[in-house]
Amino acid sequence: MNTVKLFALSACLLPSLSFAHNISLNKSVPSVSIEQYGEITYANDAAIYQTWNSEQLKGKVGVLQVIAGRSSAKAMNADLMSAITLEKFPESKYQTTTIINQDDSIWGTGGFVKSSAEESKKEFSWSSMVLDKNGKVATAWDLQAESSAIIVQDKKGNVLFVKEGKLTSDEIKQVISLIHAQL
């Protein structure tokens, strides 16, 4: 095969390979820890960042939303987040965790992404909000750039559902049903 054909073939294959996450059903997500920024908490009305590790996801049924630090990625699965909020799942058994990849933001908007994450934590205090300055989660889990990934886990941390991109209305119903079935 000549070089031109080989290059053309590899160029066709690369996009499909670059969107293939490495998250498997019925297994935990690959282990990752975020030291730069990390989980946002509040004390005396001031945002505090603490190291976050994927092992913290065990113990409750959960939905992970991993999004690029872009408003388009946040909006992509806003319908699911609204549906989850309306369900009022018990905090003792359920946790939403949003991981924001600040490294995948439009140039010059990093400060806005950080302040937006802090405001979201204030508004949705019961949710876990994680700011990933260097995109360690997206790299460790091989996630698509400029997008949103939704992962549903049981209380042992096993993945029950995973999808990158916008969920359909049927997939939103499936996620809500999965959560109810696990509680």
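Residues numbered from 1 in each chain as written. Predicted model: local features only at pLDDT ≥ 70, side-chain atom pairs only at ≥ 80, totals over all residues. Heavy atoms only, no water.

Novice: Hey, could you go over the environment of Leu167 for me, with residue numbers and the actual values?
Specialist: Looking at where Leu167 falls in the secondary structure, it is placed in the loop between strand 7 (159–164) and helix 6 (169–182). Distance in space between the C-alpha atoms of Leu167 and Ala149 is 9.3 Å, their sequence separation being 18 residues. Among all residues touching Leu167, those that are not within four sequence positions of it are Asn77, Leu80, Ile150, Phe161, Ile172 and Val175. (Helix = DSSP H or I, 4+ residues; strand = E, 2+ residues; numbered from the N terminus. Contact = heavy atoms within 4.5 Å.)

Novice: How would you summarise the environment of Val61 if you had to cite specific residues and measurements?
Specialist: Looking at where Val61 falls in the secondary structure, it is placed in strand 3 (residues 61–69). According to the relative accessible area criterion, Val61 is buried, its value standing at 2%. Sequence separation of Val61 and Glu91 is 30 residues, and the distance between their C-alpha atoms is 9.8 Å. (Buried < 20%, exposed > 50% of the residue type's maximum accessible area, 1.4 Å probe, protein only.)

Novice: Can you break down the pairing of strand 4 (residues 94–105) residue by residue, with the values?
Specialist: Burial runs high along strand 4: 11 of the 12 residues are buried. Across 9 bridges, strand 3 lies against strand 4 in parallel orientation. Across the sheet, the residue bridging to Ala68 is Asn101, located in strand 4. Pairing of strand 4 with strand 5 (residues 128–132), which is carried by 5 bridges, proceeds in the parallel orientation. (Pairing = 2+ DSSP bridges.)

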